[in-house]
Amino acid sequence: MNGRYIAFEGGEGSGKSTQARVLARRIDAVLTHEPGKTPLGAQLRQLLLGTDQAPVGARAETLMMAADRAQHIEQVVAPALTDGRHVVSDRTAYSSLAYQGGGRGLGVDAVRTINEWALDGHWPDVVVLLDCPPGQGPRGRPGNDRLEQEAADFHEAVRTTYLAVADEEPERFIVLPALGTIDEVAERVWAALTDRFEWDDAGRGGR
């Protein structure tokens with residue numbers, strides 16, 4: 001069986017972390033996240049997202065996210081895929097395209113170029129984008145890290161960028177409404193993925 005690399009993306013409070021856990025359990029996948037999964041990544045995450053840390057410039061933020069991602073691919077994602085395991089990740093490089101490229105205004109193309117090198121070809125097979133207006137997601141509460149606390153126009157730019165990238169890459173993206181119960185959204189996700197991969201009920205087989 002070939003392992004699939006599946007990413008969940010979306011704005012703050014969209015429920016992507018919950019849905020990543022649900023799917024990973026269903027298909028017995030390696031569940032992971034960015035930033036912060038590796039020991040190096042955990043240190044970078046604190047520097048990037050901690051509200052008690054010194055401010056990080058937009059370009060430095062982008063490079064630090066890419067460094068976390070390179071380590072994550074090398075230590076977690078690539079070994080699992082080589083072993084034939086599915087990998088389900090809460091965020092991937094597409095978060096940087098949306099947050100740093102769109103939200104920070106650095107441009108999607110520039111941020112993509114940096115991440116092309118960091119990923120060494122390991123882009124997700126499919127991206128499930130859980131879409132909802134900022135502040136209206138299933139979580140229904142503000143977050144407490146540095147990016148979650150950004151102004152409303154930042155999060156609007158993130159959403160707009162996600163949708164624009166998804167429109168440019170329909171072969172990779174599945175865009176689904178984030179609103180609904182956990183079970184309702186999980187069934188939307190499952191139906192879309194089984195249609196894309198022609199899986200059985202356990203995520204086996206298909207193309």
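That block above? That's the structure.
First things first, this report covers the structure right here in the doc. (Residues numbered from 1 in each chain as written. Predicted model: local features only at pLDDT ≥ 70, side-chain atom pairs only at ≥ 80, totals over all residues. Heavy atoms only, no water.)

Attention now moves to the environment of Arg4. Examined against the element boundaries, Arg4 turns out to sit in the segment before strand S1 (5-10). The buried category is assigned to Arg4, whose relative accessible area is 19%. A C-alpha to C-alpha distance of 9.7 Å links Arg4 and Ala80, two positions 76 residues apart in sequence. (Helix = DSSP H or I, 4+ residues; strand = E, 2+ residues; numbered from the N terminus. Buried < 20%, exposed > 50% of the residue type's maximum accessible area, 1.4 Å probe, protein only.)

Our focus in this paragraph is the environment of Thr194. Note on placement: Thr194 falls in helix H7 (residues 182-197). Residues in contact with Thr194, not counting those within four places in the same chain, are Trp199 and Asp200. Here Trp190 takes part through its backbone oxygen, which lies 2.9 Å from a polar atom of the side chain of Thr194. (Contact = heavy atoms within 4.5 Å. Polar contact = N/O pair within 3.5 Å; in protein donor to acceptor, adjacent residues only side chain to side chain.)

Put simply, helix H3 (residues 58-82) and helix H4 (residues 93-103) touch, their axes get as near as 10 Å, and they point 175° apart. By the angle between their directions, the pair H3 and H4 is classed as roughly antiparallel. Judged by residue contacts, Glu61, Thr62, Met65 and Arg69 of H3 engage Ala93, Ser96 and Gln100 from H4. Here the residues of the contact of H3 with H4 are counted per class, giving two nonpolar, three polar and two charged. (Axes fitted to C-alpha atoms, helices over the stretch in contact; angles between N-to-C directions. Parallel < 35°, antiparallel > 145°, perpendicular 65-115°, else oblique. Nonpolar A, V, L, I, M, F, W, Y, C, P; charged D, E, K, R; others polar.)

The parallel open sheet is built from five strands, whose spatial order is S2-S3-S1-S4-S5. A strand with exactly one partner marks an edge of an open sheet, and here the two such strands are strand S2 (30-33) and strand S5 (173-177). In this sheet, neighbouring strand axes are inclined to one another by 20° on average, regardless of whether the strands run parallel or antiparallel. Relative to S5, strand S4 (residues 126-131) runs parallel, the two being bridged by five bridges. In the sheet register, Leu129 faces S5, and the bridge partner there is Val175. Relative to the sheet, helix H1 (residues 16-27) contacts S1, S2, strand S3 (87-90) and S4, its axis offset from that of S1 by approximately 160°. The strands touched by helix H6 (residues 152-168) are S1, S4 and S5; relative to S4, the strand with the most contacts, the crossing angle is about 140°. (Pairing = 2+ DSSP bridges.)

Before going further, it helps to spend a moment on the pattern of salt bridges. By the definition in use, this model includes eleven salt bridges. Across the pair Arg85 and Asp28 runs a salt bridge, and its minimum N-O distance is 3.9 Å. Of this pair, Arg85 sits in the loop between H3 and S3 while Asp28 sits in the loop between H1 and S2, and the two are 57 residues apart along the sequence. Of the charged contacts, one joins Arg69 and Glu34 as a salt bridge, the two residues approaching to 2.6 Å between their closest N and O atoms. Placement of the pair is Arg69 in helix H3 and Glu34 in the loop between S2 and helix H2 (39-49), with a sequence separation of 35 residues. One salt-bridge network, in which partners are shared between bridges, spans Glu9, Glu12 and Arg91. (Salt bridge = Lys/Arg side-chain N within 4 Å of Asp/Glu carboxyl O.)

Most of S4 is tucked away: six of the six residues are buried. In this structure, S1 lies alongside S4, joined through five bridges in parallel fashion. The residue of S4 that forms the bridge with Gly10 is Leu130.

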